Protein chains: 4
Amino acid sequence: MTVHTDALRDHACLIIHGPDRPGIVAAVSALITRNGGNILALDQYSDDPIGGAFFQRVVFHRPDLQAAIPEIEADLAKTITPLGLEWRLTDQSIPKRMAILVSTSDHCLLELLWRHRRGELPVTIPMVISNHTNTAEDVRSFGVPFFHVPSQGPDKAGAEAEIVKLLEGNVDFVVLARYMQILSDSFLEQIGVPVINIHHSFLPAFIGAAPYRKAKERGVKLIGATSHYVTKDLDEGPIIEQDTARVDHSHSAADLQERGAYVERAVLSRAVQWHAQDRVIRHGNHTIVF
Amino acid sequence: MTVHTDALRDHACLIIHGPDRPGIVAAVSALITRNGGNILALDQYSDDPIGGAFFQRVVFHRPDLQAAIPEIEADLAKTITPLGLEWRLTDQSIPKRMAILVSTSDHCLLELLWRHRRGELPVTIPMVISNHTNTAEDVRSFGVPFFHVPSQGPDKAGAEAEIVKLLEGNVDFVVLARYMQILSDSFLEQIGVPVINIHHSFLPAFIGAAPYRKAKERGVKLIGATSHYVTKDLDEGPIIEQDTARVDHSHSAADLQERGAYVERAVLSRAVQWHAQDRVIRHGNHTIVF
Amino acid sequence: MTVHTDALRDHACLIIHGPDRPGIVAAVSALITRNGGNILALDQYSDDPIGGAFFQRVVFHRPDLQAAIPEIEADLAKTITPLGLEWRLTDQSIPKRMAILVSTSDHCLLELLWRHRRGELPVTIPMVISNHTNTAEDVRSFGVPFFHVPSQGPDKAGAEAEIVKLLEGNVDFVVLARYMQILSDSFLEQIGVPVINIHHSFLPAFIGAAPYRKAKERGVKLIGATSHYVTKDLDEGPIIEQDTARVDHSHSAADLQERGAYVERAVLSRAVQWHAQDRVIRHGNHTIVF
Amino acid sequence: MTVHTDALRDHACLIIHGPDRPGIVAAVSALITRNGGNILALDQYSDDPIGGAFFQRVVFHRPDLQAAIPEIEADLAKTITPLGLEWRLTDQSIPKRMAILVSTSDHCLLELLWRHRRGELPVTIPMVISNHTNTAEDVRSFGVPFFHVPSQGPDKAGAEAEIVKLLEGNVDFVVLARYMQILSDSFLEQIGVPVINIHHSFLPAFIGAAPYRKAKERGVKLIGATSHYVTKDLDEGPIIEQDTARVDHSHSAADLQERGAYVERAVLSRAVQWHAQDRVIRHGNHTIVF
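An unreviewed UniProt entry annotates chain A as Formyltetrahydrofolate deformylase originating from Microbacterium pumilum. UniProt annotates chain A under Pathway (unreviewed entry) with the comment "Purine metabolism; IMP biosynthesis via de novo pathway; formate from 10-formyl-5,6,7,8-tetrahydrofolate: step 1/1." UniProt lists a comment for chain A under the heading Catalytic activity (unreviewed entry), and it reads "(6R)-10-formyltetrahydrofolate + H2O = (6S)-5,6,7,8-tetrahydrofolate + formate + H(+)".

(A) Just the overall build of chain A, in detail. For chain A, the count of helices and strands is eight helices and 13 strands. Expected size for 290 residues packed as a compact globule is a radius of gyration near 19 Å; at 21 Å, chain A falls within 12% of this value. If you line up chain A on its principal axes, its C-alpha atoms span 60 × 45 × 35 Å. In chain A, buried positions account for 56% of the 290 residues. In chain A, of all internal contacts separated by at least 6 residues, the share reaching a separation of at least 24 is 67%. Total accessible area on chain A stands at roughly 11400 Å², and carbon and sulfur atoms take up 53% of it. For chain A, the distance from the average position of its 28 positive side-chain charges to the average position of its 35 negative side-chain charges is 3 Å.

(B) Region of the structure containing the interface of chain B and chain C. Tallying the contact residues gives 32 residues for chain B and 32 residues for chain C. Roughly 2700 Å² is buried in total at the junction of chain B and chain C, and carbon and sulfur atoms are behind 54% of that figure. The three residues of chain B that bury the most area against chain C are R218(B), K221(B) and H249(B), which together make up 27% of that side's buried surface. Where chain B meets chain C, there are six salt bridges. The residue E236(B) makes a salt bridge to R218(C) at a minimum N-O spacing of 3.9 Å. Viewed at the interface, chain C and chain B are joined by 23 residue pairs in polar contact (both at pLDDT 80 or more). Looking at side-chain class alone, the side of chain B that touches chain C contains 13 nonpolar, nine polar and 10 charged residues.

(C) Highlighting the relation of the copies chain D and chain A. In screw terms, the move from chain D to chain A is a rotation of 180 degrees and a rise of 0.0 Å along the axis, fitting with an RMSD of 0.0 Å. Seen this way, the second copy is the image of the first under a two-fold rotation axis. The position closest to the rotation axis in chain D is occupied by the C-alpha of A205(D), lying 2.2 Å away. Both copies contact each other with a shared surface, as 100% of the interface residues of chain D are interface residues in chain A too.

(D) Looking closely at the pattern of salt bridges. For the structure shown, the criterion picks out 80 salt bridges over all chains. Among the salt bridges present, the one from R265(C) reaches E111(A), with a minimum N-O distance of 2.3 Å. With one member in each of two chains, R265(C) in helix α8 (residues 253-276) and E111(A) in helix α3 (residues 107-117) form a pair that bridges those chains. The exposure class assigned to R265(C) is buried, which follows from its relative accessible area of 6%. The residue R270(A) makes a salt bridge to D243(A) at a minimum N-O spacing of 2.9 Å. Taken as a pair, R270(A) in helix α8 (residues 253-276) and D243(A) in strand β11 (residues 239-246) lie far apart in primary sequence, 27 residues in all. The exposure class of D243(A) is partly exposed, given its relative accessible area of 23%.

(E) Examining helix α2 (residues 65-79) of chain C more closely. All names here are of chain C. Along its 15 residues, α2 runs 20 Å from first to last C-alpha, staying within 8% of the 21 Å computed at 1.5 Å per residue. E71 marks the point of greatest bend in α2, at about 25 degrees. Every buried residue of α2 is accounted for by L65, A68, I69, I72, D75 and L76. Packed against the buried residues of α2 are β1 (11-19), α1 (24-34), β3 (53-61) and β4 (86-91).

(F) Structural context of the interface of chain D and chain A. Of the residues lining the interface, 32 residues belong to chain D; the matching set on chain A comes to 32 residues. When chain D packs against chain A, close to 2700 Å² is buried across both sides, 54% of that on carbon and sulfur atoms. Counting the surface chain D buries against chain A, the share from its top three residues, R218(D), K221(D) and H249(D), is 27%. The interface formed by chain D and chain A holds six salt bridges in total. The salt bridge involving R246(D) is made with D243(A); its shortest N-O contact spans 3.7 Å. Linking chain D to chain A there are 23 residue pairs in polar contact (both at pLDDT 80 or more). When contributions to the side of chain D that touches chain A are tallied by element, the ones reaching two or more residues are α7 (211-218), β11 (239-246) and β13 (286-289) of chain D.

(G) Representation of the UniProt feature "domain: ACT" (unreviewed entry) in chain A. Within this numbering scheme, the UniProt entry marks residues 13-87 of chain A as carrying the feature "domain: ACT" (unreviewed entry). A distance of 10 Å separates the end C-alpha atoms of residues 13-87 of chain A, which is 35% helix and 36% strand.

(H) Unusual backbone geometry, seen in detail. Following L203(B), the chain continues to P204(B) via a peptide bond in cis, the omega torsion being 10 degrees. Among the secondary structure elements, P204(B) is positioned in the loop between β9 (195-199) and α7 (211-218). With a phi angle near 55 degrees, D278(C) is a residue other than glycine that sits in the positive phi range. Mapped onto the elements, D278(C) comes out in the loop between α8 and β12 (280-283). The backbone phi angle of F206(D) is positive, close to 60 degrees, even though this residue is not glycine. Turning to its location among the elements, F206(D) is positioned in the loop between β9 (195-199) and α7.

Thresholds applied
Residues numbered from 1 in each chain as written. Chains lettered and ligands numbered in written order. Predicted model: local features only at pLDDT ≥ 70, side-chain atom pairs only at ≥ 80, totals over all residues. Heavy atoms only, no water. UniProt positions renumbered as here; feature names shortened; annotations may be inferred. Helix = DSSP H or I, 4+ residues; strand = E, 2+ residues; numbered from the N terminus. Rg over C-alpha atoms; globule rule 2.2 N^0.38 Å. Buried < 20%, exposed > 50% of the residue type's maximum accessible area, 1.4 Å probe, protein only. Contact = heavy atoms within 4.5 Å. Areas by Shrake-Rupley, 256 points an atom, 1.4 Å probe, with all protein chains shown as cover. Lys, Arg positive; Asp, Glu negative; His and termini not counted. Charge placed at Lys NZ, Arg CZ, Asp CG, Glu CD. Buried area = accessible area lost by both parts, 1.4 Å probe. Salt bridge = Lys/Arg side-chain N within 4 Å of Asp/Glu carboxyl O. Polar contact = N/O pair within 3.5 Å; in protein donor to acceptor, adjacent residues only side chain to side chain. Nonpolar A, V, L, I, M, F, W, Y, C, P; charged D, E, K, R; others polar. Least-squares fit on C-alpha atoms with pLDDT ≥ 70 in both. Expected span 1.5 Å × (residues − 1). Bend = angle between axes of the 7 residues up to and from the residue.

Right, dumping it as structure tokens:
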């Protein structure tokens, strides 16, 4: 059964991107109008009007949207595809299904569960998966299923296969809410949905393990956090959101970690919210966030 | 002689606002396309899709723009005006003419003059007017004319008349860069162009005189600054931009003033830049900043 | 049974304030040294070296502190009191007892419960009191007792008497974590411990009810939150901490409320942490936060 | 002739650091008191009370300070040196002499000159040295001597020798206000005074040349700036201050540079102010900033 968000009933989101050329905005606007839609919000960006890449996000209201989607898609295929553009049409009243992977730290996990319960994240959460059990009770108290998939040392194949089986067909994206296992390339290929990570530093500073310890050693005056899409290259994927917080000489590495936790959960929950609202477009190793 | 900014040659900015209704974006986009324009940037906002107010800013490139403006305006009058919408079309290569009024404090004044010299403000500065003379040398070292119009006590009529005479026909907007005289209603009517002020507090906190002293007395932990359009009601006009900075118990009122100066100049220069780029639309006592 | 925090065993915090005069720091340091203490942290502030008020906070380590406290206090009474100074000596290993009062909004409440569980707040939480029941289950899942004291309309006397009875002798301070009832003067006198409130605006802007609606109406570009000690004058007590977050024209009053919730919980939890660590000294309507 | 700042007449600043041990604060406070000083501000930090490093900064008022300095120093040598501590006593009314080295970018240079003119930097500026001439007129309009020392390609020896000759004996510290030449190790040794640099990124991200281009390529959502002491290892010296500003996908590398300029000048001027006020203590590759 698909969950619908009533406030967004009959709201469609159309994402368009591809090579820029004159007239795209007019063509798309005309298409929406002739299909009975009323534009509520429109964002548009071109990285170079001459020969650059074009990006657009339009939210429009169309009474009886579900029934109309096939013909709107047909129109898009007929008039927008020939312009060399890719497009994606979604019904905003259908929340995306988000799985959360977590290890022992609960701060990012709880922030997402709370914000979801407050109605701030347009998602459903079919499951939380962890290689530890300490968060099980908290997760289930939010009415969310919890699955324990223990790490199995250097050979990740077994654990990853088990996770793939849980995720397969059940989720639209995955959030690594401080999941301290490096995922294999084949895992990323198999699950086939976007994976969002939170890294506990202001990337590209302090790539890899123990960034707070490294930050203390370097004597930085700000700490940060970065949420990005996961790619095969560790900590190198497209950045969605970042933020920093002020620290000083008196903070130990443990203090940095405590303060950092608040930056991490804020940054990750913004990234998740924007992704769930179809506000983020990936373009090479960059993101356009509307 | 009109000054042109080469990088913006043939760039037009079209502002549209009025009651929302389906199809406005499509109608405007079609108009731009059929008049040979290519949309470079488009921002749009509706405060309520049903019966609300609609706001749009489009920047488009149109070869040989100057020659085309009359026919574009005719098209706008024919197709957009009947929708009950107001519109304003400007050639972005023509910088707005900005006058600065200042008293003794030089920090906001110098920030504007520097940023202008660095090419960050798309304006010309035909004059600086002050009721003091301490900034005259600095102003003239930037190649900008300086006029001294002394305050004349409670009766402002004479001084204001002199200022009106200097401004009349020569400027597109006026910036009060810490000009410590309250302007009369009739002055505002006579000059007939937008006036932007910087208030040295986070409005609506600390309205009126001596906000840093009041902030010290109240024991706030942040100070702020507010840039707004000037209306007849002191410190009540539409806010364009605000920001704050952290302070603590150890700061005297003089320290707050020193720190505040940096917030003031940042806030004012952002507000001026956005106004000069036609990014700000006034709507009642609010601003939409695209 | 008193709860002890092991990491802070034998750590004392000494707060001193009163009229400034030469030699206070030396006198206090000598006292600590001759009583076997080693200074770990020292903060000091004078609002005016000549005739001003002096404030000092010293944390020192003293083996077998509990046994030594009577003689240290006797020494303070003999050498520091005669200088006209007030002092307060606390054993940092004994957490303060904090009661939370809350209405229906759970964000500030949950932040405090969760930070407490993470070990970031040096307090015990003997009870949460609410005039509603919606947070009862959450509170009890943290192992904290929940008491429901319904509001009783305009006559608050009954409800307040019930709350006083619950608090009496059981708490060292009270936090109003979005408790939407105005407390009477006599209530404040009866409970006789500090009360910390979170106000959902950047005070002194938007005093009183519905600050987010007022913020939307005024068109501000930042929203804020303020944590302060409660006094008889509503929203006028000494400010402990404030912060702001950026908003724009597209945010509805409900959006401001959502964003504001995250500022509120951050501001309140910092204020509570500092109060619990004896970092905050009240001075008239101001606070010194070390 | 030594310049004196009247407001700081008879204000001494004493910096102490070395291995921590019980009783240091008491010993120092007693020393100041018995030498007729009244403590105005005291900051203290120990990175580990057991076997760690201790740092203290005390500002005290001593009537007729100049005459008393020899005997205070004798007392320090007799009572503090034997504790294994290093100390440094300065008369705060004597501003430090600061040279500025700059290339073509004027934003950091002008910020320093202008803040100095406003009285916010307790320094004198005996000279600005540049490998270009474009800032000469601006510098001299502030009444500051300007010396042109052209770069001479790969062999820096000649230019560096000329700069050493200008600086020698004339300055207490040097600021690289966007000086785009790498200084040789021997140059740093010869001048023998602290050198403060501004790097246009949030170090350790984007070490080396062209950080804004690298930031654009990486797609970061914040840009930053870092002020640090210069050591033999490029961009690796102890960090004094850092800050960041928000950017998004629509900003070109040139836009990042424009925004970054404002972060750079704020960060550098804070670092310079703190250094000039003797607030910064170097400890290995870290700074303690009081």
